[in-house]
Each structure stands twice: as C-alpha cells, then as structure tokens.
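A structural walkthrough
The residues making up each chain are set out below.
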Amino acid sequence: MSEDAYARLERATAGLEAPFALVDLDALWANADDLVRRAAPKPIRLASKSVRCRALQERVLARDGFKGTLAFTLPEALWLASHGAEDLLVAYPTADRHALRELAELGDERPEVRVTVMVDSVEQLDLIDRATNRSEIDGRGAPLCVCIDVDAGWWPFRGRLRIGVKRSPVHTPEQAAALARAIRARDGLRLVGIMAYEAQLAGLGDAPPGRPLRAGAIRAVQALSAHELAGRRAAVVAAVEEVAPLEFVNGGGTGSLELTGAEAAITEVTAGSGLYGPTLFDAYRAFRPRPAALFALPVVRRPRPGIVTALGGGYLASGPSDAARLPRPHLPTGLRLDHQEGAGEVQTPLLGPSADTLAIGDRVYFRHAKAGELCEHFAGLHLLEGERIVDEVPTYRGEGQCFL
C-alpha cells in the first residue's frame, strides 16, 4: 500500500522540482467531512493559522458545517476582510494600534463585515479606547465587537496545580462577569461572545506512542478537566449573560470536537489543523486524520550505505523543544531522521532500509508536526486530486503576507 502511495505521488509530481509542498485534496476533503461529523450539530469556525492559504480557506468555508474564521492576528483578519471574509474572530489579544484604528474605520465603512477582537483584561480595553479615539474619526461610528477569552485550564487542589496553557487571567464566572461589566460601561465597545480554548484536551494526544503510563495519566487528567470545565463554562456563560446577551460561545479544537460540541453552553467549535493531518494528531485514540499536507525534498547525496541526505527540511514546529516538533519522513516508508542531526536548515540525513533504494534526485515526502506552519516555508501549495496536480495556490507567504 505504501509503495502504491509513493508511486502515486511520484506520477502526479513528475513535472515538479523539489523542494515543494502539496495538499492531497482527496485526503483534505475526507478530513473535512470527518471534522463536521465529529462536531455535529455545532458549526465549525475555521482556524486560519492552521491553513494559511486563502484559496483553501475559501473552499473549506464554502462547505456545509463550516462558518466563520478564527484569525490569529488582527492584521491578518483585516487582510482577509479586504478579500471578502465577513465573519472573523481574532483569537488572541492585540496591541497593534494601527490595526485597531483601521478596524474602527472598517466598521464605519463596511458594517456588513464583523471583525471581533479578543480581550481578557481592562488594560486591553484601555489600549483599544486609546487606539480608536472616535473623536479623530468622522462621527463616533459603530462600537467595536469584543470577545472575552476565558481560561479553560484545570486548577485542582484549590489552584495549587494549574494544568493547561497560560492564556487568559479570567478563570471564574465572577471574573468574567466583572470584565463584561467593564466592557458594557464603554460606549465604543460591544460584547458579543466568549471563547475558552481547552488546550489540555484539544491539543494533547492521549495515546503517545510507546508510553502507556503517560497515556493513562493523560486520559485521567483529561477526563477530570473536561468534567470541571463543562460546569464552569456553563456558569461563566450564565454569569456574563446576566450582564449582556451573547451571540456566540466558542470552544474546542480538532482534538476535542465531540467533547466540546456536546456542551449545551457551546454554540460553535473551532478546528483547522485536522484538515492537513499533521503528525501531532497521530497520538489520538478517537480519530486519525489522513495525511493531506506534505512537502517533498530531493536526495542530493549519499554519505555512506544506509544513509541519504535530503536538501533542506529544517521546518520545525513551535512549542517545547522535543522530537515531536520535528518533521517526519512519510514516503517512501522505512526512513527515519538521524537523532544527532534531526532536520536541518540546509540538509536532513535520512537513515533506514529504504535509503539504499533512493538515487540522487529522488524525492522523499515529509509530514510537518503541525499544520499551517508548513506554509511559512513555501510560496505555494500544489493541489493533488487523484493522480494529477490540478492547481497551484499561493500560501500567505506567496501573497507577500507574514503576520507573525
């Protein structure tokens, strides 16, 4: 089967010179269908940072089950809005004063477009007020839409242990309601939503290969955390809605769609990485996306028997510096990274029984550890359908955009 898969890629890309990146549309759409199935009946807000290709984002959003975009920076959201996107939620707070001023002007000029910014403190509200001083714009205009980011981490033992990523300082219903009152007191702002991203559930695989004890511990912690969060999230929503009505409550990620979507308080879930199927999702029991995003490197030398060297390949994923953040050789099978060199900026040695079958100029196909970060290294994505390349579309980088 793997030999057939490699041969299919080689036939389809015979006219391309490596390095290049491709997206297998057959796998992408199968993954999209599975995400929608897992999230049902809640709509999926597409995480743009996991795709970083405007053409593919537009195709995904045209499918049933997807609605709206979760952008990762405000300048990115404004850029997407300039190309027709109308429902954008910025996932992280911004300190970009110029972008905030542009957002205020956009709200006055194109009221059909909604870009909602994320907040988790009064200090951020003050910054927004200073950046969007309506006295410097014709009229006061419409208020800016904001969303409260609520910490979804688990704090057992009365908070002495904190499990989850270090995001928002807003953790309790009382804190969320206090921030909601501060927002409501400002004429230039309108509270429209709540987001709570449970990274310890959505972004942590519960079946790490070869580590059964760790897997058991992760599952136990996740079960306890999910139970606590479901009750607290409902209480947060109830407390905030006593202050102001909410239009949406967002949560989840590719790794926790079923769990998060089942909560009554949730109105929408977020996903994106599961479309590309990077290697970090190989460590989940409940689902297994098909590898859809790949990159190809050429073999350029043979240091000795059992080893070949590919050109480039040092496309490391963000996060803690461990082996899980390295790209992984996918096809042909039987190759592995050298543990001393890993994946390098200009060369990547590959070891294993398949090395001696590869000639200079042959290609090796890799999977990235994460999803959209791959697109920061390539200007375009070649789209594979069946056994032929049907299109090439630009990444953010290919459109001259770099937001982080």
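Residues numbered from 1 in each chain as written. Predicted model: local features only at pLDDT ≥ 70, side-chain atom pairs only at ≥ 80, totals over all residues. Heavy atoms only, no water.

Thoughts on the environment of leucine 100
Inspection of the secondary structure assignment puts leucine 100 in helix H5 (residues 97–109). Sequence separation between leucine 100 and proline 75 is 25 residues, and the spatial gap between their C-alpha atoms is 8.8 Å. Excluding anything up to four places from it in sequence, leucine 100 contacts Leu74, Thr94, Leu127, Ile128, Ala131 and Thr132. (Helix = DSSP H or I, 4+ residues; strand = E, 2+ residues; numbered from the N terminus. Contact = heavy atoms within 4.5 Å.)

Points about the nonpolar core
Soluble globular proteins tend to pack their nonpolar side chains together in the buried interior. Counting residues in each nonpolar core, the largest one holds 107 residues, and the members touching the most others are Leu56, Tyr276 and Leu381. In terms of residue count, the dominant contributor to this core is helix H2 (residues 25–39) (seven residues). The next biggest cluster of nonpolar side chains, apart from the first, holds nine residues, and it includes Leu70, Cys145, Cys147 and Val192. (Core = buried A, V, L, I, M, F, W, Y, C linked by side-chain atoms within 4.5 Å. Buried < 20%, exposed > 50% of the residue type's maximum accessible area, 1.4 Å probe, protein only.)

Considerations on the sheet that holds strand E7 (residues 189–196)
Taken in spatial order, the eight strands line up as E2-E3-E4-E5-E6-E7-E8-E9 and close into a barrel, and their pairing is parallel. The average angle at which neighbouring strand axes cross in this sheet is 30 degrees, direction not considered. Here strand E3 (residues 66–71) pairs with strand E4 (residues 87–90) via three bridges, running parallel. Pairing of alanine 71 across the sheet is with valine 90, part of E4. Helix H9 (residues 212–241) rests against E7 and strand E8 (248–251) of the sheet, and its axis sits at about 170 degrees to E7. (Pairing = 2+ DSSP bridges. Axes fitted to C-alpha atoms, helices over the stretch in contact; angles between N-to-C directions.)

A closer look at unusual backbone geometry
With the exception of glycine, most residues fall at negative phi, and the peptide bonds are largely trans. Each neighbour pair has its own omega, and for alanine 18 with proline 19 the value is 5 degrees, a cis peptide bond. If you trace the backbone, proline 19 turns up in the loop between helix H1 (2–12) and strand E1 (20–24). Phi at phenylalanine 157 is positive, roughly 55 degrees, even though this residue is not glycine. Of the residues examined, phenylalanine 157 reaches a relative accessible area of 58% and is grouped as exposed.

Describing the state of the cysteines
The tally for this structure, following the rule as stated, stands at zero disulfides. Distance from the sulfur of cysteine 53, which forms no disulfide, to the nearest cysteine sulfur (cysteine 375) is 6.3 Å. A relative accessible area of 0% places cysteine 53 in the buried class. With no disulfide of its own, cysteine 402 lies 12 Å from the sulfur of cysteine 375, the closest cysteine sulfur. (Disulfide = S-S within 2.5 Å.)

Considering helix H3 (residues 54–61)
Three- or four-residue spacings in an α-helix give side chains the same orientation, since the helix completes a turn every 3.6 residues. Turning to H3, its buried residues are Arg54, Leu56, Gln57 and Val60. The arc that holds the buried residues of H3, viewed along the axis, is 160 degrees, so those residues lie on one side. (Arc of directions from axis to C-beta.)

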